[in-house]
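Breakdown of the fold
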Amino acid sequence: MTPSHHPVRDLLLAYAAGTLPEAAGLAVATHLALCPLCRAEVRRLEALGGTLLEQETTAPVSDGLLDAILAQIEEPAPLSLPLLGPKPRASAGSPALPEPLRSYVGGDLDGVQWKPVVRGLDEAPVRVGGAAAADAATGGTRVRLMRVRSGVAMPRHTHHGTEMTLVLAGGFSDQTGHYLRGDFTLTDTSVDHQPTADPDGDCICLAVTDAPLRLTGPLGRLLNPFVRF
Amino acid sequence: MAGPPISSAASAAGEDRAGTGRSAESAPESADALLLRVGRERDRRAFVALFHLFAPRLKAFLCRGSLDAGLAEEIIQEVMVVVWRKAGSFDPARASAATWIYTIARNRRIDRLRQERRPEIDPDDPALVPEPEDAADFALMREDDRTRLHQAIDQLPPDQSDLLRMAYFEDKPHSAIAAERQLPLGTVKSRLRLALVRLRTLLGDEA
């Protein structure tokens, strides 16, 4: 089954052009693993990049550049060490978490250490970027897995910034639709919603937010100063 | 889906036809053929020809951003070394040489400018949902589509092709492009969308 909710084309274009920050790129690339349609679109957008490169004007390069390159290719290639160590494999069958997410999480879903947030909602942070990048470069971006127990309704909320959500297991519904594995949504300040997990199992999502959520229900407004998820 | 793809038939195979665009046309041998020879025969002359074809374009491409010439050339050096080492994995059925080299340059730029990794799928991942076998939407780009893509880009209105080049060649989010062109972000996004829709129309999307 292929997803029915996809990243908007701006996001696919920015991914193909290499201008999407790593956290957003993680959500898009993980959707791509589950969506052959968007993979094909990214290939076409990359072909567009290649064509633009072919059409590019030329700028003179230094005289010594070619010699420097020819000298370097004479040297043996350095051993390339994988940045993340060996890729975690699922013990049996098809993993619930596709790459590249599985490597970022450090294993499949069964190894995730969940932390309770509110009743029926757990989360686990996903580390993106180096230690230095964590705060400065990502500018408050948070990446985490969320688990909503089956049938549980999240508090009604809107967003100061944007939130990308990718469903990994189960499903949820809100005013905008019904979302299942592989489905991708991008919500912003215009969306005030109350997602509810499907009744037939826990809903697990990858969430990338660039600002805290803002609760909008009557109780939520009171809780805003205290809740951070 | 956010919208239909750029062209319903998409990329591939075969050799880049000489004279398909304003670029590579002076080359007696297509970029695809050169890159294949580098991969299969470790042919240094083919590699040097690729350098002459692509290094000046990569330099112009990289210098469109705020990159200084020295850093641009360091990145070009890294790109060409990767081209030499990985040429064996080039598959003209999947992408043209220009597209293959473009993706290497894009990734090196991310690495050098942002010190970030680029999250990418693993084609061998058992969790990857495979392509349906017979769907036209998943077909790779044919050679004549590439020629038409060149022509279609040439026919874009200047305000759209300007933004498209910025979106690809400058390491900037769409919001920064908007600031630089003194346009609302919504205008930048809608012009980029229009450009993609127009490319698709010019390519005669049969879908």
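How each quantity is defined
Residues numbered from 1 in each chain as written. Chains lettered and ligands numbered in written order. Predicted model: local features only at pLDDT ≥ 70, side-chain atom pairs only at ≥ 80, totals over all residues. Heavy atoms only, no water. Helix = DSSP H or I, 4+ residues; strand = E, 2+ residues; numbered from the N terminus. Buried < 20%, exposed > 50% of the residue type's maximum accessible area, 1.4 Å probe, protein only. Contact = heavy atoms within 4.5 Å. Areas by Shrake-Rupley, 256 points an atom, 1.4 Å probe, with all protein chains shown as cover. Buried area = accessible area lost by both parts, 1.4 Å probe. Salt bridge = Lys/Arg side-chain N within 4 Å of Asp/Glu carboxyl O. Nonpolar A, V, L, I, M, F, W, Y, C, P; charged D, E, K, R; others polar. Axes fitted to C-alpha atoms, helices over the stretch in contact; angles between N-to-C directions. Parallel < 35°, antiparallel > 145°, perpendicular 65-115°, else oblique. Left-handed = near helix turned anticlockwise from the far one by under 90°. Phe/Tyr/Trp six-rings, centres within 6.5 Å; stacked < 30°, edge-to-face > 60°. Pairing = 2+ DSSP bridges. Core = buried A, V, L, I, M, F, W, Y, C linked by side-chain atoms within 4.5 Å. Domains from an automatic or database assignment. pLDDT = per-residue confidence, 0-100.

1. A closer look at the overall build of chain B
- Within chain B one finds 8 helices and 0 strands.
- Its helices and strands taken in sequence order, chain B reads α-α-α-α-α-α-α-α from the N to the C terminus.
- Residues counted as buried form 51% of the 207 residues belonging to chain B.
- Long-range contacts, defined here as pairs at least 24 residues apart, represent 66% of the contacts in chain B between residues at least 6 apart.
- Of the accessible surface of chain B, which amounts to about 9,000 Å², a share of 50% is contributed by carbon and sulfur atoms.

2. Remarks on the interface of chain B and chain A
- Contact residues are listed per partner, giving 82 residues for chain B and 76 residues for chain A.
- With both sides pooled, the region where chain B packs onto chain A buries about 7,100 Å², and carbon together with sulfur makes up 60% of that total.
- Linking chain B to chain A there are 8 salt bridges.
- For the side of chain B that touches chain A, the secondary-structure elements that each account for two or more residues are helix H2 (44–63), helix H3 (69–86), helix H4 (97–114), helix H5 (143–154), helix H6 (158–169) and helix H8 (185–202) of chain B.
- With 13 residues, the single largest contributor to the side of chain B that touches chain A is H2(B).
- Split into classes, the residues belonging to the side of chain B that touches chain A amount to 44 nonpolar, 10 polar and 28 charged.

3. Let's talk about unusual backbone geometry
- That bond from A:Glu99 to A:Pro100 is cis: its omega, 5 degrees, falls within 30 degrees of zero.
- Mapped onto the secondary structure, A:Pro100 falls in the loop between helix H4 (65–74) and helix H5 (101–105).
- For B:Arg42, which is not glycine, the phi torsion reads 50 degrees and is therefore positive.
- For B:Arg42, the location among the structural elements is in the loop between helix H1 (31–41) and H2.

4. Section: the packing of helix H1 (residues 9–17) of chain A against helix H3 (residues 36–55) of chain A
Residues and elements named next belong to chain A.
- Between H1 and H3, whose axes approach to 9 Å, the crossing angle comes to 55 degrees. What the angle tells us is that H1 and H3 run oblique. As H1 runs across H3, the sense of the crossing is right-handed. Packed against H1, whose contacting residues are Arg-9, Leu-12, Leu-13, Tyr-15 and Ala-16, the element H3 presents Cys-38, Glu-41, Val-42, Leu-45 and Glu-46 at the interface.
- Looking at side-chain class alone, the contact of H1 with H3 contains 7 nonpolar, no polar and 3 charged residues.

5. So, the packing of aromatic side chains
Residues and elements named next belong to chain B.
- What the rule picks out here adds up to 6 aromatic pairs over all chains.
- Ring geometry for Phe-47 and Trp-84: centres 5.3 Å apart, planes at 75 degrees, overall edge-to-face. One end of the pair, Phe-47, is in helix H2; the other, Trp-84, is in helix H3, with 37 residues separating them in the sequence. One exposure class covers both Phe-47 and Trp-84, and it is buried.
- Between Phe-61 and Tyr-102 the ring centres are 6.1 Å apart and the planes differ by 40 degrees, which places this aromatic pair in the tilted class. Taken together, the residues Phe-61 in helix H2 and Tyr-102 in helix H4 connect sequence positions 41 residues apart.
- On the basis of relative accessible area, Tyr-102 is assigned to the buried category, the value being 0%.
- Members of the aromatic cluster, joined through ring pairs, are Phe-61, Tyr-102, Tyr-168 and Phe-169.

6. Thoughts on the pattern of salt bridges
All names here are of chain A.
- Here the structure, examined in full by the defined rule, presents 25 salt bridges over all chains.
- In this structure, Glu-123 engages Arg-144 in a salt bridge whose closest nitrogen and oxygen atoms are separated by 3.1 Å. With a gap of 21 residues between them, Glu-123 in strand S2 (residues 121–125) and Arg-144 in strand S3 (residues 142–148) connect regions that are remote in the sequence.

7. Considering the pairing of strand S7 (residues 177–180) of chain A
All names here are of chain A.
- Sheet analysis places strand S6 (residues 171–174) next to S7, joined by 4 bridges and oriented antiparallel. Across the sheet, the residue bridging to Asp-174 is Gly-177, located in S7.
- Adjacent in sequence and paired antiparallel, S6 and S7 are bridged by 2 residues.

8. Overview of the nonpolar core
- Counting residues in each nonpolar core, the largest one holds 94 residues, and the members touching the most others are A:Leu48, A:Leu206 and B:Tyr168.
- A total of 10 residues in this core trace back to one element, the largest contributor, which is H2(B).
- When residues of this core are assigned to domains, at least three map to each of domain 1 (11–121) and domain 2 (155–207) of chain B.
- Counting residues in each nonpolar core, the second largest holds 11 residues, with A:Leu121, A:Ala197, A:Cys203 and A:Cys205 among its members.

9. Some remarks on the confidence of the model for chain A
Residue and element names in this part refer to chain A.
- Model confidence for chain A is summarised by a mean pLDDT of 83, while 80% of its residues fall at 70 or above.
- Contacts for the low-pLDDT stretch residues 131–138, under 50 throughout, to residues beyond four places or in other chains number 2 contacts.
- Per-residue pLDDT stays below 50 along residues 224–229; that stretch engages in 14 contacts with residues further than four places along the chain or on separate chains.

10. Structural notes on the sheet that holds strand S9 (residues 196–197) of chain A
All names here are of chain A.
- Strand order in the open sheet formed by 3 strands is S7-S6-S9, and the pairing between neighbours is antiparallel. Every other strand in the sheet has two partners, leaving S7 and S9 as the edge strands with one partner each.
- Note that S6 and S9 share 2 bridges and pair antiparallel. Across the sheet, the residue bridging to Phe-172 is Ala-197, located in S9.

11. What to know about the sheet that holds strand S8 (residues 184–187) of chain A
Residue and element names in this part refer to chain A.
- Taken in spatial order, the 6 strands line up as S1-S2-S3-S10-S5-S8 in an open sheet, and their pairing is antiparallel. Two strands lie at the open edges of the sheet, namely strand S1 (115–118) and S8, each paired on one side alone. Averaged over all neighbouring strand pairs, the angle between strand axes comes to 30 degrees, with direction disregarded.
- As defined by bridge partners, strand S5 (residues 163–169) adjoins S8 across 4 bridges and the pair is classed as antiparallel.

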